[in-house]
Amino acid sequence: MAEVLAVCISERKGIQKHPVDYIDVKKNHGIEGDAHAGDWHRQISMLADESVDIMRAAGLTLSAGAFAENILTKGIAVKELPIGTRLRVGETLLEVTQIGKECHNDCAIKKTAGKCVMPTDGIFVIVIEEGRIKAGDQITVVEA
């Protein structure tokens, strides 16, 4: 069963995100209080903990938010979801808009480990239905 392991935000761009108890997501905006929120196609980032495990296997100690992901998941291969897939996450509905991204040249993880999983394994979503998301919420693919 797919679930949310952690939800994270950052108040400024260019820093790691930190776990919070919950996030409130708004249509045409993303996460209230997150520096990356706005009316664009990358409102919220998601990453599977299984992808983070690849980096942990290289000897790194990593916590939620280390890759600047807003939602850390377990039990769903988010990188395999096609663009347009809709996900019920807790009481919200999100839609996949982008898979992967270019890594910043000054990426702290890439400098330390020589590799970062967010560019290949992370996804971005927009908010279709507003609500609250917290650790433990179930994730269901509604439409692909």
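Before reading on, note that the structure itself is shown above.
Here's a quick rundown of the structure. (Residues numbered from 1 in each chain as written. Predicted model: local features only at pLDDT ≥ 70, side-chain atom pairs only at ≥ 80, totals over all residues. Heavy atoms only, no water.)

1. Observations concerning the overall build of the protein chain
Looking only at helices and strands, one finds three helices and eleven strands in the protein chain. Helices and strands appear in the protein chain in the N-to-C order β-β-β-β-β-α-β-β-β-α-α-β-β-β. Its C-alpha atoms give the protein chain a radius of gyration of 14 Å, within 12% of the compact-globule value 15 Å for 144 residues. Its C-alpha atoms give the protein chain principal-axis dimensions of roughly 40 × 30 × 25 Å. Out of the 144 residues in the protein chain, the part that is buried amounts to 46%. Here the analysis covers contacts within the protein chain between residues at least 6 apart in sequence; of these, 69% occur between residues at least 24 apart. Accessible surface, the protein chain: about 7,100 Å² in total, of which carbon and sulfur atoms supply 49%. Charge separation in the protein chain, taken as the distance between the mean sites of 17 positive and 21 negative side-chain charges, equals 4 Å. (Helix = DSSP H or I, 4+ residues; strand = E, 2+ residues; numbered from the N terminus. Rg over C-alpha atoms; globule rule 2.2 N^0.38 Å. Buried < 20%, exposed > 50% of the residue type's maximum accessible area, 1.4 Å probe, protein only. Contact = heavy atoms within 4.5 Å. Areas by Shrake-Rupley, 256 points an atom, 1.4 Å probe, with all protein chains shown as cover. Lys, Arg positive; Asp, Glu negative; His and termini not counted. Charge placed at Lys NZ, Arg CZ, Asp CG, Glu CD.)

2. Focus on the pairing of strand β8 (residues 92-99)
With seven of its eight residues buried, β8 lies for the most part within the structure. Note: strand β7 (residues 86-89) against β8, four bridges, orientation antiparallel. Paired with Arg88 across the strands is Leu93, a residue of β8. In this antiparallel pair of consecutive strands, β7 and β8, the connection spans two residues, and Gly90 shows a positive phi of 60°. Pairing of β8 with strand β9 (residues 123-129), which is carried by six bridges, proceeds in the antiparallel orientation. In the strand pairing of β9, Val96 is matched with Val125. (Pairing = 2+ DSSP bridges.)

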